[in-house]
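Reading the structure
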Amino acid sequence: MKKLLLTGLLIVGFLFAYNPLDGVKAQKQAALKIVGDSFINVKQLKNWMNNHKKFQIVDVREPMEWNAGQIDYLETINLPRGVLYGGVKSGALKPNKTYVIVCRTGHRALLAAATLKKWYNFKHVYVLKGGIKAWIQSGGVVVNSLHLGPVKIQLVK
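Thresholds applied
Residues numbered from 1 in each chain as written. Predicted model: local features only at pLDDT ≥ 70, side-chain atom pairs only at ≥ 80, totals over all residues. Heavy atoms only, no water. Helix = DSSP H or I, 4+ residues; strand = E, 2+ residues; numbered from the N terminus. Buried < 20%, exposed > 50% of the residue type's maximum accessible area, 1.4 Å probe, protein only. Contact = heavy atoms within 4.5 Å. Areas by Shrake-Rupley, 256 points an atom, 1.4 Å probe, with all protein chains shown as cover. Core = buried A, V, L, I, M, F, W, Y, C linked by side-chain atoms within 4.5 Å. Salt bridge = Lys/Arg side-chain N within 4 Å of Asp/Glu carboxyl O.

1. A closer look at the overall build of the chain
Helices and strands together make up the secondary structure of the chain, namely 7 helices and 7 strands. Secondary structure elements in the chain, listed N-terminal to C-terminal, are α-α-β-α-β-α-β-β-α-β-α-β-α-β. Per-residue burial over the chain gives 36% buried out of 157 residues. The contacts in the chain between residues at least 6 apart in sequence include a share of 65% that link residues at least 24 apart. A total accessible area of about 10,200 Å² is found for the chain, and carbon and sulfur atoms account for 60% of it.

2. Observations regarding the nonpolar core
Counting residues in hydrophobic clusters, the biggest one holds 21 residues, and the most contacted among them are Val 58, Leu 93, Ile 101, Leu 116 and Phe 122. Looking at this core, the element that brings in the most residues is helix α6 (residues 107–120), giving 7 residues. In contact with Phe 122, other than residues within four places in its own chain, are Val 88, Leu 93, Lys 94, Pro 95, Tyr 99, Leu 116 and Lys 117. The next biggest cluster of nonpolar side chains, apart from the first, holds 17 residues, and it includes Met 49, Val 100, Val 102 and Val 142.

3. Structural notes on the environment of Ile 40
Inspection of the secondary structure assignment puts Ile 40 in strand β1 (residues 39–40). Considered as a pair, Ile 40 and Lys 129 are 89 residues apart in the sequence and their alpha carbons are 6.0 Å apart. Every residue in contact with Ile 40, bar those within four places of it in the chain, is listed here: Leu 45, Trp 48, Val 100, Tyr 126, Val 127, Leu 128 and Lys 129.

4. Points about unusual backbone geometry
The backbone of His 52 sits at a positive phi, close to 55°, despite the residue not being glycine. For His 52, the location among the structural elements is in the loop between α3 (42–50) and β2 (56–59). Residue classification places His 52 among the exposed positions, given a relative accessible area of 69%. In this model, Asn 121 sits at a positive phi of 60°, which is unusual for a non-glycine residue.

5. Considering the pattern of salt bridges
This structure, assessed with the given rule, holds 2 salt bridges. Across the pair Arg 61 and Asp 59 runs a salt bridge, and its minimum N-O distance is 2.7 Å. Given the relative accessible area of 2%, Asp 59 is considered buried. With its nearest N and O atoms 2.9 Å apart, the salt bridge here joins Arg 108 to Glu 65. Taken together, the residues Arg 108 in helix α6 and Glu 65 in helix α4 (residues 63–68) connect sequence positions 43 residues apart. The partly exposed category is assigned to Arg 108, whose relative accessible area is 23%. Taking relative accessible area as the criterion, Glu 65 reaches 24% and is therefore assigned partly exposed.

6. A few points about the environment of Lys 28
One can find Lys 28 in helix α2 (residues 20–35). Sequence separation between Lys 28 and Leu 111 is 83 residues; the distance between their C-alpha atoms is 7.2 Å. Apart from residues no more than four positions distant in its own chain, Lys 28 is found in contact with His 107 and Leu 110.

See the structure below:
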């Protein structure tokens with residue numbers, strides 16, 4: 001009976017001490033160190049587009065998110081974060097090109113950029129601050145996966 005009670009107390013103590021978000025915070029901190037100051041805001045991105053700077057947008061959201069709407073830019077691809085390796089291996093992503101990594105709010109993009117920089121030695125990788133959510137809030141044009149023209153996306157809290 002004492003063993004059972006002690007085991008139960010240990011389990012309860014572990015559950016209170018363990019916070020899965022600690023791992024997420026640590027992961028984000030490590031990614032921030034790798035990415036450094038390689039962030040771009042919506043205004044800078046629009047400036048790059050208007051001045052015809054050579055870069056590609058890599059949207060690392062899942063296909064359903066991508067299909068709902070993406071930034072209206074010809075050089076945009078959807079490559080979910082979980083399959084970055086496949087994009088590098090296939091040659092869809094090349095270490096010498098310039099990329100702006102985008103997701104919904106910037107978290108997945110940060111992790112994807114850190115992966116490209118640390119594991120694949122990409123040098124010119126930028127994260128869009130605030131993600132596509134910031135793009136939409138700034139009035140940036142979004143198209144759906146059929147590219148039938150601009151779509152209006154309503155942000156839900």
